[in-house]
Amino acid sequence: MKYIFLIVFNAVFLFSDAAWAGKRKVLLIGIDGVRADALQAAWVPTIQWLYKNGFGTFESWHQDITISGPSWSSILCGVYHDKHGVTDNGFHGKRYDRYPMIPLIAKAYDPQLTFGMYMEWGKLFRNSAGQGWDQMIRGSLAATEETARKSAQWITGTDLDFYFVYFGAADYVGHVSGFSRWNPFYRWSLEDIDMGVNEVIRGMRSREQYESEDWLVLLTTDHGGKLLGHGG
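Here's what I pulled together on the structure shown here. (Residues numbered from 1 in each chain as written. Predicted model: local features only at pLDDT ≥ 70, side-chain atom pairs only at ≥ 80, totals over all residues. Heavy atoms only, no water.)

1. Details of the environment of I102
Stated precisely, the cut-off is as follows: Labels follow the DSSP assignment, with helices taken as runs of H or I lasting at least four residues and strands as runs of E lasting at least two, numbered in each case from the N terminus. The contact criterion used throughout is that any non-hydrogen atoms of two residues lie within 4.5 Å.
Note on placement: I102 falls in helix α5 (residues 102–107). Sequence separation between I102 and I47 is 55 residues, and the spatial gap between their C-alpha atoms is 24 Å. Apart from residues no more than four positions distant in its own chain, I102 is found in contact with L76, F115 and F162.

2. Thoughts on the side chain of S151
We count it as follows: Here's how the labels work: a residue is buried when its accessible area is under 20% of the maximum for its type, exposed when over 50%, partly exposed in between, all with a 1.4 Å probe on protein chains only. Whenever two N or O atoms come within 3.5 Å, that pair is a polar contact, provided that in protein one can donate a hydrogen and the other can accept it, and provided that, for residues adjacent in sequence, both atoms are side-chain atoms.
Examined against the element boundaries, S151 turns out to sit in helix α7 (residues 144–157). For S151, a relative accessible area of 0% translates into the label buried. There is a polar contact of 3.5 Å between the side chain of S151 and the backbone oxygen of A148. Leave out the neighbours within four places in its chain, and S151 touches Y118, E146, V165 and V200.

3. Some words on the packing of aromatic side chains
Let me state the cut-off plainly: Pairing of aromatic rings covers Phe, Tyr and the six-membered ring of Trp, with a centre-to-centre limit of 6.5 Å; geometry is then stacked below 30 degrees between planes, edge-to-face above 60, and tilted otherwise.
Considering all chains together, one arrives at twelve aromatic pairs under this definition. With 5.7 Å between their ring centres and 65° between their planes, W72 and Y166 make a pair best called edge-to-face. Note that W72 is positioned in helix α3 (residues 68–77) and Y166 in strand β6 (residues 162–167), a separation of 94 residues in sequence. With a centroid separation of 6.3 Å and an interplanar angle of 55°, the aromatic rings of W133 and F162 are classed as tilted. Placement of W133 in the loop between α6 (122–127) and β5 (135–138) and of F162 in strand β6 is noted, with a sequence separation of 29 residues between them. Judged by its relative accessible area of 9%, W133 is buried.

That's the geometry; what it means functionally is another story.
Next up, the structure:
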């Protein structure tokens, strides 16, 4: 399927940054391997609510290599593989020294900014080391409930400027049983992740300082899928 999704949601004032002096925070939620048509066919009230109350699209086109390593590198570095150098899941040839991830880019402008990730996928976790992340938590692959619970607690109990939370179950289930809106196992994995996203959002809202903060929530996948593989 050529369509993937991207959602942007401002948790305090939608569409306006005026008249708000709260401390700005960013929450990036990444869901690996999501077909937009399957997401729309599943029962995902939290993601739909974010979509309807923010802005985004279920019809974005993947413009580069539809593999997780290159895709997450593009999301986190802001450039395609011709610059960041990652063309497969082995991260061979990466040029993060020349095109670093967002923590190092941001800290070049403001060294006081702090960044953290909760990462299920071990390869991305290991290859993100040395990229300016102040906190890195290694989760368990496809452990949606664990990721939701622990990352929500982490967000509630820490004070960083940027949080990245990764859910990998949809990609895992897609490879095992098929990336398809007609595959109930794939849809159920998306529905479980939606509940996980809900818990993460509630963790954000449970912060003691939440009412004096200005949160930007970003929700995206890295690629879609077809049959048991990527792309399409």
